Amino acid sequence: VRLNEGRKVLEKNKPVESLTGVELEKLLLMHQVPRKEFGDKTKKLQSWREILLSNKPPLDIVRWTPEDEQKLSQLQDVQIKLEDTALGRKTALEKTKMMASINNIDLSELQEVEEKVRDATRMKTGEHRDDGGKDEEDEPVHNESEDRNEEDEPVH
């Protein structure tokens, strides 16, 4: 829009001194001059003269064509697999590192890994824990001596 408005002003072939403040603004906007730098009409004229002396052309804006639309549509239809992305490659590398290091971790760390695997499996299958976050293996072993009532305990 800015480029078109600026070109319409240029097509009038008016002398620089006879350009209005609004026309100068359109020309300056066409050349990407920020509004905050416009100033009064004298400043706008000065800025426009500097642009003319520099022979700096405005940025060309390429019109979106039906061919561009077709290319975009084709790109949108492409199915990108995770493994074909940087994230996918990084994930594969991390999995390889994990598998290589699993033989070098101690038993307690291995148990932590097993718990993480169980949690991940639950997440992927949509299972929810009903036991407050503990697995059966985490439950304490039942000891028959604990079955006695507190009254059976000797008082010291």
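Attention in this report is confined to the structure presented alongside it. (Residues numbered from 1 in each chain as written. Predicted model: local features only at pLDDT ≥ 70, side-chain atom pairs only at ≥ 80, totals over all residues. Heavy atoms only, no water.)

Helix and strand content of the chain: six helices and zero strands. Start at the N end of the chain and walk to the C end: the helices and strands fall as α-α-α-α-α-α. Here the chain, with 156 residues, has 15% of them falling under the buried criterion. Within the chain, counting contacts between residues at least 6 apart in sequence, those at least 24 apart form 31% of the total. Surface summary for the chain: the accessible area is close to 13600 Å², and the carbon and sulfur share equals 53%. (Helix = DSSP H or I, 4+ residues; strand = E, 2+ residues; numbered from the N terminus. Buried < 20%, exposed > 50% of the residue type's maximum accessible area, 1.4 Å probe, protein only. Contact = heavy atoms within 4.5 Å. Areas by Shrake-Rupley, 256 points an atom, 1.4 Å probe, with all protein chains shown as cover.)

What follows concerns the nonpolar core. One finds L19, L27, L28 and W48 to be the most contacted residues of the largest nonpolar core, which totals 14 residues. Secondary-structure elements contributing two or more residues to this core are α1 (2–11), α2 (21–30) and α3 (41–54). The biggest single contributor to this core is α2, with five residues. Leaving out residues up to four positions away in the same chain, L28 has contacts with V33, F38, K44, S47, W48 and I51. (Core = buried A, V, L, I, M, F, W, Y, C linked by side-chain atoms within 4.5 Å.)

Bringing helix α6 (residues 107–125) into the picture now. Its 19 residues place the ends of α6 27 Å apart at the C-alpha level, agreeing with the 27 Å of an ideal helix rising 1.5 Å per residue. At the exit of α6 stands G126, carrying a positive phi of roughly 80 degrees. (Expected span 1.5 Å × (residues − 1).)

Right, let's get into the pattern of salt bridges. Scanning the entire structure with this criterion turns up nine salt bridges. We note a salt bridge from R49 to E17, for which the minimum N-O separation is 2.8 Å. You can see R49 sitting in helix α3 and its partner E17 sitting in the loop between α1 and α2, a full 32 residues away along the chain. E17 sits in the exposed class, given a relative accessible area of 53%. The partner of K44 in a salt bridge is E25, with the nearest N and O atoms 2.6 Å apart. Placement of the pair is K44 in helix α3 and E25 in helix α2, with a sequence separation of 19 residues. Relative accessible area serves as the criterion here: at 22%, E25 is assigned to the partly exposed category. (Salt bridge = Lys/Arg side-chain N within 4 Å of Asp/Glu carboxyl O.)

Our focus in this paragraph is α3. Along its 14 residues, α3 runs 20 Å from first to last C-alpha, staying within 8% of the 20 Å computed at 1.5 Å per residue. Phi turns positive, to about 55 degrees, at N55, one or two residues after α3.

Our focus in this paragraph is unusual backbone geometry. Positive phi, close to 65 degrees, is recorded for Q32, a residue that is not glycine. Along the polypeptide, Q32 turns up in the loop between α2 and α3. You will see that N55, though not glycine, has its phi angle at about 55 degrees, which is positive. Checked against the element boundaries, N55 lands in the loop between α3 and α4 (66–77).

Where nonpolar side chains cluster on the molecular surface, the patch consists of L75, V78 and I80 and spans about 330 Å² of accessible area. Along the chain, the position of V78 falls in the loop between α4 and α5 (86–101). (Patch = residues over 30% accessible without salt bridge, like charges linked within 9 Å, V, L, I, M, F, W, Y side chains within 5 Å.)

For K44, a relative accessible area of 9% corresponds to the buried category. For K44, the residues in contact, after removing those within four places along its chain, are G21, L24, E25, L28, F38 and G39.

Our next topic: the packing of α2 against α3. At a closest axis distance of 10 Å, the pairing of α2 and α3 adopts a crossing angle of 40 degrees. Relative to α3, the element α2 is oriented oblique. Taken as a pair, α2 and α3 cross one another with a handedness that is left-handed. In this structure, α2 uses G21, L24, E25, L27 and L28 to contact α3, whose residues at the interface are K41, K44, L45, S47, W48 and I51. Residues that form the contact of α2 with α3 fall into these classes: six nonpolar, two polar and three charged. (Axes fitted to C-alpha atoms, helices over the stretch in contact; angles between N-to-C directions. Parallel < 35°, antiparallel > 145°, perpendicular 65-115°, else oblique. Left-handed = near helix turned anticlockwise from the far one by under 90°. Nonpolar A, V, L, I, M, F, W, Y, C, P; charged D, E, K, R; others polar.)

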